Structures are given as C-alpha cells and as structure tokens.
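Fold and geometry: a report
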There are 2 protein chains.
Amino acid sequence: MKIVVNGTDLSNAVMKVSKAISVKTTNPVLECIKLSVKGDVLTLSATDMEIAIETSIRSDTFMEGDTVVPGKIFAEFVKKLENEEQVELSLEDDNRLKIVYSSSEVYLSCLSADEFPTIRKDLREKAFSLSQKDFKDVINKTVFCCATDESRPILKGCLMEIKDNELTCVGLDGFRLALAKKRIRNSSADFKMIVPARALNEITRLLEKDEEEITFISEDNILLIEVDGTVFTTRLLEGEFLNYKQIMPSEFLSTVKISRQTFLSSLERATIVAKESKNLVKLEIKENYVNVKANSESGKVNENILSVLEGKDIQIAFNAKFLCDALKGASDEFVNMYFNTPITPCLLRPYSGDEYLYLILPIRIA
Amino acid sequence: MKIVVNGTDLSNAVMKVSKAISVKTTNPVLECIKLSVKGDVLTLSATDMEIAIETSIRSDTFMEGDTVVPGKIFAEFVKKLENEEQVELSLEDDNRLKIVYSSSEVYLSCLSADEFPTIRKDLREKAFSLSQKDFKDVINKTVFCCATDESRPILKGCLMEIKDNELTCVGLDGFRLALAKKRIRNSSADFKMIVPARALNEITRLLEKDEEEITFISEDNILLIEVDGTVFTTRLLEGEFLNYKQIMPSEFLSTVKISRQTFLSSLERATIVAKESKNLVKLEIKENYVNVKANSESGKVNENILSVLEGKDIQIAFNAKFLCDALKGASDEFVNMYFNTPITPCLLRPYSGDEYLYLILPIRIA
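Please read all numbers here as calculations on a predicted model, not as lab measurements. (Residues numbered from 1 in each chain as written. Chains lettered and ligands numbered in written order. Predicted model: local features only at pLDDT ≥ 70, side-chain atom pairs only at ≥ 80, totals over all residues. Heavy atoms only, no water.)

Things to note about the overall build of chain A
Rules: Each helix is a run of DSSP H or I of at least 4 residues and each strand a run of E of at least 2, with the numbering of both proceeding from the N terminus. Only protein chains enter the accessibility calculation, which uses a 1.4 Å probe; a residue whose area is less than 20% of its type maximum is buried, one above 50% is exposed, and one in between is partly exposed. Whether two residues touch is decided by their heavy atoms; if any such pair falls within 4.5 Å, the residues are in contact.
Summing up its helical and strand segments, chain A has six helices and 25 strands in all. Each principal axis of the C-alpha distribution contributes one length, and for chain A these read about 80 × 50 × 35 Å. Per-residue burial over chain A gives 54% buried out of 366 residues. Long-range pairs, those at least 24 residues apart, make up 66% of the contacts in chain A between residues at least 6 apart in sequence.

In structure tokens form, the structure reads like this:
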C-alpha cells in the first residue's frame, strides 16, 4: 500500500470512524482503524463489534493494499496534519505504516488487515426513510429515557416500530417512558427493532443536513444508514421489549394545561434545594395554579405557576429531574399533564397533537 | 436586613465572589457568602482565608443588616434569577434568608454574620501600576511554571520583584523556570513578594479591560487589587524564594534561531508517540536544521525543522511538554535557544529583546 491523500480529508475521515473505536477491549484489533486502498479510494473503517463506521476519501494511489493501525494514536497524529496539502501513507515490511509530510516522517506499528472483522453492508430486507430533522427530533425526545444500567440490557435501547408509514420510538427505564412519532416514507414493510441508545446518539451526530432524507436499512439484526459516503451500522438488541401499551393509562381524573418553560424554570430552582433530598418535589395542583414545593436542610422553595385544571385537585410528588427531562424533551409552548392518583403515573403531552408523550412514575410519600 | 435588588446585578456579583468560596474546609463559614447592607449598597464577600473577594451592588434598602448564606446553593439559586427585574432578600428570625421573586419564595438557612472573618482592605504601604494587558501577559508567560505539588510550598507562587520601575515575575518548579518583565508606573518603592499562583490566575480572570491600568497595593503580607468595584485580596507566601539568578548560565556554546510555531507543531506531533516514553524527545541541532526524534513502542517521529545555528552542533533530550509549554508562553515569531552541554539547562528567549526567558533542564540519556 502506498498513497498520497489530502491532510484535511484524512483528518475528517479519521475523526468520523474514530467514534467506533473500542475503548475497552481485550482484542487490540478493535482499537484500530483499518485502511484499505482500491483504485483511487482510501476506505477507513472501525468497529467495536456493536457499531461500525466506514468512510472513504480520494487517494493518489501508487500501490493498493490494506493495513490496520492503532486508532487512538493515528487519530491524534492525523489531527495535527489537517493543514498539510499532501500526506503520504505507505506500508513497510507489512508491520509499520510510514507517514510522510513536509520534510518529516513518522512510523506507526500496525497489525495485519486479516485480523480485522468483516463489516456487513449488504443489507436490504427492510427499509424506511424520513428527513434528518424528523429523525433527530424523535431521538432527542426519547433516547434520554433509555436505561443506563445493565440490569435489563434490552432497555438500553429504543424500540422503533414501523407501522402504516409511521415511526414510533419508545425509550423507558422503569421510572419513566418517552414516546415520539413521525410520518415516514418508502417503508418496505411493518417491523420492529430495538436500537442501542449509543448508536442512536452517534447517528444523530452524523446528521448535518436537516432537510435531507435519511434511509434506514435493516436485515439479520443489523441496522445500516449511509450519510454523505459514511456507512454506519449497528447491531440491534435482541429480546422482547416491555409491552409499553399495557402500562399506558387510558383515562385520567385531572388534566392541567401549563406553560412548559415556566414550569421547567420553577422545577430547576426547586431542584437546587431538592438535591439533598433525592430531587423530591411536591406538586399541589389547584384550579388556577400548580404549587411547586421543595424542602431540605439547606432551604425551601415554594412557587405558584399559573395553570388551568380540568377535573380534581391533586397532590403528588416526583423526582424533579424526571419532570425536567420530560419538559426539556417536549417542544411546545404549552403542555398538558394528566393525573389520576398520587401513586399512579402522570402523562405529559403537547397541548395539541399527539407527536410525543412522557409517562412518569410519582414518588410515594407519607 | 430587607432589600430589593436587580436579579442580573445580584447574579453577576455572586458569580464574582464565588471564586473565593472554600471548597474543602472544616469551617462552614468559609463556604459562605456574606451579605451586608448599608445605605443603598449591598456588599457581598467571600474568603477561604487565602484569597478574599468583595463586591457591591445597588440595593433598595428597607432595613440594613448582614447575614452569611451557604455559598454554593445561593450561587446556584441566584443564577436562575438572572432575568428577574426585582429580587427581594430579607433576613427572618436571624437564621433564614427569604428570597422573593415573581409569585415565588425561597428560604435558605443562614449563619450569623459575626462568625465571618474580617477582610483587611486598609493597605497602603507599597504600590505599583501597569496596564491590565501587560499584567496578564507577564502572568500568562510565567504562572504555568509554578510548582503544583506541596513539597516546596514557596514554589507554588510567582516571585514578583518591583525594582527601578520594572516588574520582574518568576515562576519555577525545579525542572524549568519562566521569567517575564514589564515597565510599571507609580511604584512606591522597590520590594519583593511571592504571590500564590492560584491568586494570580483569579486576578487575570477579573481583568477585562486590556487598556486600563491596574494598581497593586501590598502591606503586611497581603496584596490587594481593585477592579471595577471588586476588591480582591490574597495572602502572600512567606519564606525565601530560590535565588534564581544563581542558576542562570551566562555563556553558551550554541545559539539556534528557530520559528516558534513550526518547532511547537513538530514537538506536539512528537509528543503523541513520546507519551508512552515520558514525553522524551531528542533534538539534534545542526548548522541548518533541528532534528526532532521521538520513539516508543507504538511509533516513531523524525522531523527536520529549518533553523540557524551559531556555535557547536549539539544533541540533547527534553521532556517535550516543558519545551511545548515554553514555546506556547513565548509570543514572538522567532525565538533563540541557547545551549551548552546535553546536561546543562537550555535557555529560550525572544529573537530580539529580553522581555521574557525560559530555562529548561534537559533529560540525561545514555
């Protein structure tokens, strides 16, 4: 392998694939970036066996070939070359990569390309498309509710249901649930998949053109997207997701219309004193206002927020963080909140429409 | 105490004094902010017994008085009120501060103002002035060389020598030394002081008007500055500073003129592979170039930088970080480096002038 590439192109490509480099692994090849040269194209790939990223740049090729370089050090190094017009990469003695730029040279030890895992890209069974903006919106509204601990690994991903040309995305962690929906296009069939939260976060970072469409393709427990020449694949989580429809209350005794930003600001202030008491805030919902109370050794917050209640008064307590997260995820000026009793979940929805909802378990207090 | 103040004013003032709140102390009053109201002025102060910061804002005063509130929680809270036109602060039952804004109220537990240490501000013995820009320049060029470990506490500060209307500032940690000089004005007398590095860093953060003058006043081991109504004081370090003039070589066998940025970039690349080998870089200084070499298991860097040598060729090794720090501290396009032997310190100076210098110990290699 011997090529000359542009420093900026190389640096950008390495930055992209670096996201898939494994940080803790016993297999050194998963800490590497694979370089493959064919014709006038250099393809870079990295995988940690959960996600894989592959991207290509133009190369002036003197000899085709491939190798595998330690990802972290190569990425750090290439970042310093981003202003070099020409960077020469060549494989010497099969085990070191020579990098030449200006009047300087660097040698990095490398591994054999044969050890690098194959990344599957020949998927086609199921597919659907939507705008990048819509996809990001759905993910931003739901992914933060995914579980982060290992106790139920299936909850570390979002359920994505494709049905009747609509995508429904659900994240839940046992204390709260988020659901968001969007119309999709070109859906090949109705299907479900559970996508790791980490992969969803990485995908949203790749999406820079809000108005452009993005196509998701899935087969054999792998999901693939391609954005501007970068191919991103992720394994799907296997198992049964929680039947979330079963836990969704269908009727409510109290409905409150409230300003999202005002309520959020108030809860954020309450959180400051509530930190010492596990973020406990008490809400007293009356005809014309919601009273927000937090109490701890260091202080006491007591605020009234204008609101409109339909139905019964109620007193209920929450982890303020969960309420704040849901209010931040929501996007409308006003939201509706629905309650039954102080020990049953509350629901949060836009004041009009049903594009998203949050379900939050209250904290039972004496 | 009962006052109404503007939320933005309060938030800005609290942010300023917060820098002096102690983070680890057995004395709770040092984690607090003192509020004192006299006439139409609210004065806020905080101290950790090393540094102290005091600032004032206008208040609509209904009752004078003072109290001491837990700093961290008060700061967090007040930050959320920065858009409130009017915030009412009042002391209730001598032990809680009531904060009222919009239709809301908060209570914070507080301590008696009697417990708060007195902050001395009646200093006048010694003084000097210079522009904020010049002071920041001197500090940025030297403070990073101060020791950070506790083994020789006196080296955790910069020596500042005021002599013949010139300020000389020196920081050193046993491996390297930085010195920078500026003309000063209105100096009352020649004197020396050792100012804690932390205090110098905080002072530079207070200085936002490059062209304005700043006056330093010192007496009884305390240093004071006043910037836009904020009074900052710090204790000086007590003891004898190292006699740095004694370790300064006066003659050199080799002088190299080199481009600062080119040399720095090269050393930064070398550092990437040198990390595993304690940042060791080897320099080979020849008539027309400096060769930079670094070597470790993961790779090898080998670069030549154009330069001009007067005197003998030399091979010498350094901790690349110390060279990089000095080159970043320096501000000219070209610098001169001076060498004697591979085991004696090297000196770095601007190509012309003597506003600053760095002295760096080499690493002895086999």
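Focus: unusual backbone geometry
All names here are of chain B. We note that D164 has phi near 50°; this positive angle belongs to a residue other than glycine. Relative to the elements of secondary structure, D164 occurs in the loop between β11 (157–163) and β12 (166–172). Positive phi is not limited to glycine here, since N279 has a value of about 60°. For N279, a relative accessible area of 16% gives the class buried.

Some details on the interface of chain A and chain B
Heads up, the condition is: Defined in terms of a 1.4 Å probe, buried area is the accessible area two parts forfeit on being brought together, summed over both. Salt bridges are counted wherever a side-chain nitrogen of Lys or Arg sits within 4 Å of a carboxyl oxygen of Asp or Glu.
Residue-level contacts link 28 residues of chain A with 28 residues of chain B. Between chain A and chain B the total buried area reaches about 2500 Å² when both faces are included, carbon and sulfur atoms providing 50% of it. Seen at the junction of chain A and chain B, the total is four salt bridges. Salt-bridge contacts for E268(B) lead to K80(A); the nearest nitrogen and oxygen are separated by 3.7 Å.

Some words on the side chain of S218(B)
All names here are of chain B. Stated precisely, the cut-off is as follows: The definition of a polar contact used here is a pair of N or O atoms within 3.5 Å, where within protein one atom must be able to donate a hydrogen and the other to accept one, and adjacent residues in sequence count solely through side-chain atom pairs.
Among the secondary structure elements, S218 is positioned in strand β15 (residues 213–219). S218 gets classed as buried once you look at its relative accessible area, which sits at 2%. At 3.1 Å, the side chain of S218 and the backbone oxygen of I222 are in polar contact. Once residues lying within four places of it in the same chain are set aside, the contact partners of S218 are R124, E125, K126, F191, M193, L223 and L236.

Here's the deal with the packing of aromatic side chains
Going by this rule: Only the six-membered ring of Trp is used, alongside the rings of Phe and Tyr, when aromatic pairs are assigned; centres must lie within 6.5 Å, and planes under 30 degrees apart are stacked while those over 60 apart are edge-to-face, with the rest tilted. Sitting over a ring, as applied to charges here, requires NZ of Lys or CZ of Arg to be within 6 Å of the ring centre and within 35 degrees of the ring normal.
Considering all chains together, one arrives at 16 aromatic pairs over all chains under this definition. With a centroid separation of 5.9 Å and an interplanar angle of 25°, the aromatic rings of F144(A) and Y358(A) are classed as stacked. Of the two residues, F144(A) is situated in the loop between α3 (132–142) and β11 (157–163) and Y358(A) in strand β25 (residues 356–360); the sequence distance between them amounts to 214 residues. Y358(A) sits in the buried class, given a relative accessible area of 1%. Over the aromatic face of Y351(A) sits the side chain of K257(A), whose NZ or CZ is 4.3 Å from the ring centroid. The ring centre of Y107(A) lies 4.9 Å from the NZ or CZ of K300(B), which sits over that ring.

Considerations on the pairing of strand β16 (residues 222–227) of chain A
Test applied: Pairing between strands requires that DSSP locate at least two bridges from one strand to the other.
In terms of burial, β16(A) is a largely internal element, five of the six residues being buried. Taking the residues that link successive antiparallel strands as the turn, the strand β15 (residues 213–219) of chain A-β16(A) hairpin has two residues, and the phi of D220(A) there is positive, at about 45°.

Considerations on the packing of helix α1 (residues 7–18) of chain B against helix α2 (residues 71–79) of chain B
Residue and element names in this part refer to chain B. Filter applied, for reference: Lines fitted to the C-alpha atoms define the axes, with helices restricted to the stretch that makes contact. Angles between their N-to-C directions range from 0 to 180 degrees. Here a crossing is called left-handed whenever its near helix is offset anticlockwise from the far helix by less than a right angle, and right-handed whenever the offset is clockwise. Under the convention adopted here, Pro, Cys and the residues Ala, Val, Leu, Ile, Met, Phe, Trp and Tyr are nonpolar, Asp, Glu, Lys and Arg are charged, and Gly plus all remaining residues are polar.
Across the interface, α1 lies against α2 with an axial gap of 9 Å and an inter-helix angle of 150°. When you trace α1 past α2, the crossing you get is left-handed. In contact with L10, S11, V14 and S18 of α1, α2 contributes F74, A75, V78 and K79. Here the contact of α1 with α2 is composed, by residue class, of five nonpolar, two polar and one charged.

Considering the environment of D210(A)
Residue and element names in this part refer to chain A. Mapping D210 onto the fold places it in the loop between α4 (197–206) and β15. Take D210: its relative accessible area is 32%, and that puts it in the partly exposed class. Apart from residues lying up to four places away in sequence, D210 is in contact with S131, Q132, K133 and K136. In this structure the side chain of D210 is engaged in a polar contact, spanning 3.1 Å, whose partner is the side chain of K136.

As for helix α5 (residues 260–274) of chain A
Since one α-helical turn is 3.6 residues long, residues separated by three or four positions face the same way. Residues and elements named next belong to chain A. Quick note on the threshold: Helix span is expected to be 1.5 Å times the residue number reduced by one.
With 15 residues, α5 should reach 21 Å at 1.5 Å per residue; the first-to-last C-alpha distance of 20 Å fits that figure. Burial analysis of α5 places eleven of its 15 residues in the buried class, which makes it a mostly covered element. Inspection of α5 places R260, F263, L264, S266, L267, R269, A270, T271, I272, V273 and A274 among the buried residues, and these make up the whole buried set.

With respect to the nonpolar core
Short version of the rule: By nonpolar core is meant a set of buried Ala, Val, Leu, Ile, Met, Phe, Trp, Tyr and Cys residues that side-chain atoms within 4.5 Å join together.
Ranked by size, the top nonpolar core spans 204 residues in total, and within it I99(A) and I99(B) carry the most contacts. In contact with I99(A), not counting residues within four places along its chain, are F74(A), F77(A), L81(A), V87(A), E88(A), L89(A), S104(A), E105(A), V106(A) and L108(A).

Quick word on the sheet that holds strand β2 (residues 32–38) of chain B
Sheets are built from strands paired through backbone hydrogen bonds, the pairs being either parallel or antiparallel. Residue and element names in this part refer to chain B. One open sheet accounts for eight strands, arranged β6-β2-β3-β4-β17-β16-β15-β10; its pairing is antiparallel. Each edge of the sheet is formed by a strand with only one pairing partner; in this case those strands are β6 (65–70) and β10 (126–131). Recorded for the sheet is a direction-independent mean angle of 20° between the axes of neighbouring strands. Pairing analysis gives four bridges linking β15 to strand β16 (residues 222–227), with the strands arranged antiparallel. Bridging across to β16, E219 finds its partner in I222. Sheet contacts for α2: β2 and β6; angle to β6, the most-contacted strand, approximately 95°. Packed on one face of the sheet, helix α3 (residues 132–142) meets β10, β15 and β16 and runs near 95° to β10.

Regarding the pairing of strand β25 (residues 356–360) of chain B
Each regular strand carries side chains that alternate between the two faces of the sheet. Residue and element names in this part refer to chain B. Buried residues dominate β25, accounting for five of its five residues. Judged by which residues are buried, β25 turns out to be covered on both faces: Y356, Y358 and I360 on one side and L357 and L359 on the other are all buried. Two strands pair when backbone bridges link them, and strand β13 (residues 176–183) and β25 are joined in this way by five bridges, in the antiparallel orientation. Pairing of A180 across the sheet is with Y356, part of β25. The pairing of strand β24 (residues 346–350) with β25 spans three bridges and is antiparallel. Looking at the pairing, L347 lines up with L359 of β25. Linking β24 to β25, which pair antiparallel, is a turn of five residues; within it G353 sits at a positive phi near 90°.

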